[in-house]
Amino acid sequence: GNSVTQMEGPVTLSEEAFLTINCTYTATGYPSLFWYVQYPGEGLQLLLKATKADDKGSNKGFEATYRKETTSFHLEKGSVQVSDSAVYFCALSIRMGRGGSEKLVFGKGTKLTVNP
Amino acid sequence: NAGVTQTPKFRILKIGQSMTLQCTQDMNHNYMYWYRQDPGMGLKLIYYSVGAGITDKGEVPNGYNVSRSTTEDFPLRLELAAPSQTSVYFCASRPGQVENQPQHFGDGTRLSIL
């Protein structure tokens, strides 16, 4: 089946530390991969995406590379800020039967807290 | 610049009551989705729609109903609320017919069934 496994949280870092959140997936075919971020009290927002192997998605200093050989899409940031405190979700997109729509399969989320 | 709007933001229901969670989007997106988010878990798909008049079940549809009479609106109905339906509900939309487009999420409805 299709599934996403991401590292358990919570993760607590000091400002300017390096961040890695691991994400691996199982899927039939070649899904698109996404990282979404959820700030407290808000809905999910797209952080970055990659649609094929070796693609690198990047946004706001975050990066993730689509690795088909290891079925991974790890999220990294070189220097985190307090404002990066949020829950991060890895997701893959698979096609559903009706109308060609796509479904997102989410990991469980990783809560990040960045302290000053 | 409204995007996806969900109402209400919070609600407490008694067991057996019914209610409708409202979702509307102003981006003319064909595809709309309802998810539930339980503590420590990712989002699970309840129902989705690929256009007005067309709806389909997701992973966890039991206890819910939906309708899609217009492109803009996609309400979710709970007929007989149960404690297991205590969750945060998110509505999302995306353009149709274009691959790899991200879904746009509302801010969620936090629902407690007591």
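A quick note: this is a predicted structure, and the numbers were derived from the prediction, not measured. (Residues numbered from 1 in each chain as written. Chains lettered and ligands numbered in written order. Predicted model: local features only at pLDDT ≥ 70, side-chain atom pairs only at ≥ 80, totals over all residues. Heavy atoms only, no water.)

Draft legend 1. Structural context of unusual backbone geometry. All names here are of chain A. For the bond running from G9 to P10, omega is -5 degrees, close enough to zero to count as cis. Secondary-structure assignment places P10 in the loop between β1 (3-6) and β2 (11-14). Residue K60 is not a glycine yet carries a positive backbone phi of 55 degrees. Along the chain, K60 falls in the loop between β7 (56-59) and β8 (62-65). (Helix = DSSP H or I, 4+ residues; strand = E, 2+ residues; numbered from the N terminus.)

Draft legend 2. Geometry of the sheet that holds strand β9 (residues 75-77) of chain A. Residues and elements named next belong to chain A. With antiparallel pairing, the 4 strands of this open sheet are ordered in space as β3-β9-β8-β7. Each of the sheet's edge strands pairs with one partner strand only, and the pair in question is β3 (19-21) and β7. Each adjacent strand pair in this sheet contributes to an overall mean axis angle of 15 degrees, direction not counted. Alignment of β3 against β9, held across 3 bridges, turns out to be antiparallel. Bridged to I21 within β9 is L75. (Pairing = 2+ DSSP bridges. Axes fitted to C-alpha atoms, helices over the stretch in contact; angles between N-to-C directions.)

Draft legend 3. Looking closely at the state of the cysteines. All names here are of chain A. Going through the model one piece at a time under the given rule, you end up with 2 disulfides over all chains. Each disulfide pairs two cysteine sulfurs, and for C23 the partner residue is C90, the sulfurs being separated by 1.9 Å. Judged by the torsion about the S-S bond (-70 degrees), the C23/C90 disulfide is left-handed. Taken together, the residues C23 in strand β4 (residues 23-26) and C90 in strand β10 (residues 86-95) connect sequence positions 67 residues apart. Each member of the pair C23 and C90 is classed as buried. (Disulfide = S-S within 2.5 Å. Buried < 20%, exposed > 50% of the residue type's maximum accessible area, 1.4 Å probe, protein only.)

Draft legend 4. Region of the structure containing the sheet that holds strand β1 (residues 4-7) of chain B. All names here are of chain B. Across the sheet, 4 strands lie side by side as β1-β3-β8-β7; this open sheet has antiparallel pairing. Each edge of the open sheet is held by one strand with a lone partner, namely β1 and β7 (64-66). Between one strand and the next, the sheet's axes are offset by a mean angle of 20 degrees, whatever the strand orientation. Two elements, β1 and strand β3 (residues 19-25), share 4 bridges in a ladder whose sense is antiparallel. By the bridge assignment for β3, T7 is matched with Q22.

Draft legend 5. Fine view of the packing of aromatic side chains. Using the criterion set out here, one finds 11 aromatic pairs over all chains in the structure. Between F62 of chain A and Y88 of chain A the ring centres are 5.6 Å apart and the planes differ by 40 degrees, which places this aromatic pair in the tilted class. Of this pair, F62 of chain A sits in strand β8 while Y88 of chain A sits in strand β10, and the two are 26 residues apart along the sequence. For Y88 of chain A, a relative accessible area of 0% translates into the label buried. Seen in terms of ring centroids, F89 of chain A and F106 of chain A are 6.2 Å apart; in terms of plane orientation they differ by 85 degrees. Their pairing is edge-to-face. With F89 of chain A in strand β10 and F106 of chain A in strand β11 (residues 102-106), the pair connects residues that are 17 residues apart, well separated along the chain. The class of F89 of chain A is buried, set by a relative accessible area of 1%. What makes F106 of chain A buried here is its relative accessible area of 8%. The rings of F34, Y36, F89 and F106 of chain A together with Y33, Y35 and F105 of chain B are connected pair by pair, giving a single aromatic cluster. The ring of F74 of chain B has R68 of chain B lying over it, and the distance from NZ or CZ to the ring centre is 5.9 Å. (Phe/Tyr/Trp six-rings, centres within 6.5 Å; stacked < 30°, edge-to-face > 60°. Lys NZ or Arg CZ within 6 Å of the ring centre and 35° of its normal.)

Draft legend 6. Representation of the pattern of salt bridges in the model. All names here are of chain B. Per the counting criterion, the structure on display carries 5 salt bridges over all chains. Across the pair R36 and D38 runs a salt bridge whose closest N-O atoms are separated by 3.0 Å. Among the salt bridges present, the one from R77 reaches E79, with a minimum N-O distance of 3.2 Å. (Salt bridge = Lys/Arg side-chain N within 4 Å of Asp/Glu carboxyl O.)

Draft legend 7. Main features of the interface of chain B and chain A. Each partner contributes to the interface: chain B provides 26 residues, whereas chain A provides 24 residues. Contact between chain B and chain A buries roughly 2000 Å² in total, counting both sides, with carbon and sulfur atoms accounting for 53%. Sorting the residues of chain B by area buried against chain A places L43, N100 and F105 of chain B first, and these three jointly supply 25% of that buried surface. Counting across the interface, chain B meets chain A through 3 residue pairs in polar contact (both at pLDDT 80 or more). For the side of chain B that touches chain A, the secondary-structure elements that each account for two or more residues are β4 (31-37), β5 (43-51), β6 (54-57) and β9 (87-94) of chain B. Looking at the side of chain B that touches chain A residue by residue, the classes come out as 12 nonpolar, 9 polar and 5 charged. (Contact = heavy atoms within 4.5 Å. Buried area = accessible area lost by both parts, 1.4 Å probe. Polar contact = N/O pair within 3.5 Å; in protein donor to acceptor, adjacent residues only side chain to side chain. Nonpolar A, V, L, I, M, F, W, Y, C, P; charged D, E, K, R; others polar.)

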